[in-house]
Amino acid sequence: MPIIRVENLTKKFGNITAVDNISFEVEEGTIFGFLGPNGAGKTTTINILCTLLSPTSGRAFINGHDCMKESAKVRKDIGIVFQDTTLDKDLTAYENLVFHAYLYSVKKSEIKERVGDALKFVGLYERKDDLVKKYSGGMKRRLEVARGLIHRPKVLFLDEPTLGLDPQSRTNLWEFITELPEKHNVTVFMTTHYMEEAEVCKRIAIIDNGKIIAEGSPEELKKTVGGDVIYLKTTDNKKSKEEIKKVFGLEAKEKDGELYITTLRGDACIPELIRALADMVVSVRLQRPTLNDVFLKLTGKAIREEEATGMDTIKEEVRAYRRRH
């Protein structure tokens, strides 16, 4: 039986449909990715699964427990790392974890060992007596992962876990995250809009405008792109598009001033493109299919473009809905 099961889940905030009739399952002991831009419905879905929001319709289950009808049982089975830190900055790292252990009724005889093991796992044991306000952003994130493991949950939710971190801190955090299923016997449900991070997932659901538009392993999703992607910078994109259509029968699309086309054998196609476009070619690069290409093909937009569009409107609608209710 899947450890997470979602059936026809919908959540509306007034006139805004944040989650639109989605269904999916997550197998136990895996890393599952919920991929999409800001405002796509990722955080709303997590809030429903974590019993922080009630759905407008549909059902969700964690470890066989109904998220709406058995919220207390669900909360015992989950750990959460939110987008924004919720650590007490005036306590030490050790004190933060002990406090969390008490909240989850961990046996007193087990607290010291569990806290120590969690701090060692995330590489913070030597800094356990430092106040959290002295920690860097990356250290705080690692401590939050440790905190989420103290009560030994069945599922650990990571909502944009590396948001705002520098590249090195992101890499260090992912070293710990990828080890979680095996070392801590926990299923990881993560959201992100960083495409490269989603590569570690066994299975991914891509969500856009509240709807799941694709689901599969990273490799399965990348195969839907249909081949390699060739990016071209030219002196005349309009004329180059016409020439590519005439010579190769391919529709070139444009993104950030570059043309791009998809082909099964990019390495063989590049010389032919250069010959056909001649002096119009400024630069050319070959990229194997990525999850960003999958999103681009499915939506016609890059995920970074989607991040900024519509967010202020969505946030204002949600705030207005909450004020009315």
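Rules behind the numbers
- Residues numbered from 1 in each chain as written.
- Predicted model: local features only at pLDDT ≥ 70, side-chain atom pairs only at ≥ 80, totals over all residues.
- Heavy atoms only, no water.
- Pairing = 2+ DSSP bridges.
- Helix = DSSP H or I, 4+ residues; strand = E, 2+ residues; numbered from the N terminus.
- Expected span 1.5 Å × (residues − 1).
- Buried < 20%, exposed > 50% of the residue type's maximum accessible area, 1.4 Å probe, protein only.
- Contact = heavy atoms within 4.5 Å.
- Salt bridge = Lys/Arg side-chain N within 4 Å of Asp/Glu carboxyl O.
- Phe/Tyr/Trp six-rings, centres within 6.5 Å; stacked < 30°, edge-to-face > 60°.
- Lys NZ or Arg CZ within 6 Å of the ring centre and 35° of its normal.
- Patch = residues over 30% accessible without salt bridge, like charges linked within 9 Å, V, L, I, M, F, W, Y side chains within 5 Å.
- Areas by Shrake-Rupley, 256 points an atom, 1.4 Å probe, with all protein chains shown as cover.
- Polar contact = N/O pair within 3.5 Å; in protein donor to acceptor, adjacent residues only side chain to side chain.
- pLDDT = per-residue confidence, 0-100.
- Axes fitted to C-alpha atoms, helices over the stretch in contact; angles between N-to-C directions.

Colleague: Honestly, the sheet that holds strand β2 (residues 16–26) in this entry has me stumped. Any pointers?
Modeller: Hydrogen bonds along the backbone pair up the strands of a sheet, which may run parallel or antiparallel. In spatial order, the strands read β2-β1-β4-β5; together these four strands make up an open sheet with antiparallel pairing. Where the open sheet ends on each side, the last strands, each with one partner, are β2 and β5 (65–66). As paired elements, strand β1 (residues 4–13) and β2 share seven bridges and run antiparallel to each other. Bridging from a neighbouring strand, F13 pairs with I16 of β2.

Colleague: Looking at this model, I keep getting lost on helix α4 (residues 108–121). Mind explaining?
Modeller: The periodicity of an α-helix, 3.6 residues per turn, causes residues three or four places apart in sequence to face the same way. The terminal C-alpha atoms of α4 lie 21 Å apart, and with 14 residues this matches the ideal 20 Å at 1.5 Å per residue to within 8%. The set of residues buried in α4 consists of I111, R114, V115, G116, A118, L119 and F121. Each element contacted by the buried residues of α4 is listed here: α3 (93–103), α5 (137–149), α6 (167–177) and α7 (180–184). Just downstream of α4, G123 is the residue with a positive phi angle, here 75°.

Colleague: Sorry if this is basic, but what is going on with the pattern of salt bridges here?
Modeller: Side chains carrying opposite charge are able to pair once their charged atoms draw close together. Inspection of every chain in the model, using the stated rule, returns 23 salt bridges. One salt bridge in this structure joins E144 and R147, with 3.8 Å as the shortest N-O distance. Within this pair, E144 and its partner R147 are both found in helix α5, separated by three residues, close to a single helical turn. You'll find E144 and R147 in the same group, each marked buried. When the shortest N-O distance is used, the salt bridge between R170 and E196 registers 2.6 Å. Pair noted here: R170 is in helix α6 and E196 is in the loop between β8 (187–192) and β9 (203–208), with a separation of 26 residues, a long-range link. On the basis of relative accessible area, R170 is assigned to the buried category, the value being 15%. Taking the relative accessible area as the measure of exposure, E196 reaches 48% and is therefore partly exposed. Connected through salt bridges with shared partners, the residues R5, E7 and R59 form a single ionic network.

Colleague: Can you walk me through the packing of aromatic side chains in this structure?
Modeller: This structure, assessed with the given rule, holds eight aromatic pairs. Both rings, one in F24 and one in F32, keep their centres 5.4 Å apart while their planes meet at 10°; by these two values the pair is stacked. Neither residue differs from the other here; F24 and F32 are each classed as buried. Considering the side-chain rings of Y231 and Y260, the 5.9 Å spacing of their centres and the 40° angle between planes classify their relative orientation as tilted. Here Y260 lies in strand β13 (residues 258–263) and Y231 lies in strand β11 (residues 228–234), a separation of 29 residues in the sequence. What links up through ring pairs into an aromatic cluster is the set F24, F32, F34, F157 and F189. We note K128 situated over the ring of Y125; from NZ or CZ to the ring centre the distance is 5.5 Å.

Colleague: Honestly, a nonpolar patch on the surface in this entry has me stumped. Any pointers?
Modeller: A surface patch of nonpolar side chains, about 310 Å² in accessible area, is lined by F99, L103 and Y104. Within the secondary structure, Y104 sits in the loop between α3 and α4.

Colleague: Where do I start with the side chain of N237 in this structure?
Modeller: If you trace the backbone, N237 turns up in helix α9 (residues 237–248). A relative accessible area of 14% means that N237 is categorised as buried. Side chain to side chain, N237 and T234 meet in a polar contact 2.5 Å long. Excluding residues that lie within four positions of it along the chain, N237 makes contacts with E254, G257 and L259.

Colleague: Looking at this structure, how should I read unusual backbone geometry?
Modeller: Where the residue is not glycine, phi is negative for most of them; where a peptide bond is considered, it is trans in most cases. The residue S105 is not glycine, and still its phi comes out positive at about 55°. Of note, N209 is a non-glycine position whose phi angle comes to about 50°, a positive value. Looking at the element boundaries, N209 is found in the loop between β9 and β10 (211–216).

Colleague: I would appreciate a short explanation of the confidence of the model for the protein chain in the present structure.
Modeller: A low pLDDT score tells you not to read the predicted coordinates there in detail. Counting all residues, the mean pLDDT for the protein chain is 88, and 92% of those residues have values of 70 or more. Per-residue pLDDT stays below 50 along residues 305–317; that stretch engages in 16 contacts with residues further than four places along the chain or on separate chains.

Colleague: Teacher, can you tell me more about the sheet that holds strand β12 (residues 253–255) here?
Modeller: Strand order in this open sheet of four strands is β12-β13-β11-β14, and the pairing throughout is antiparallel. Of all the strands in the sheet, the pair left with one neighbour each is β12 and β14 (281–287). Neighbouring strand axes in the sheet, compared pairwise and without regard to direction, differ in orientation by 30° on average. Here five bridges tie β11 to β13, and the two strands are oriented antiparallel to one another.

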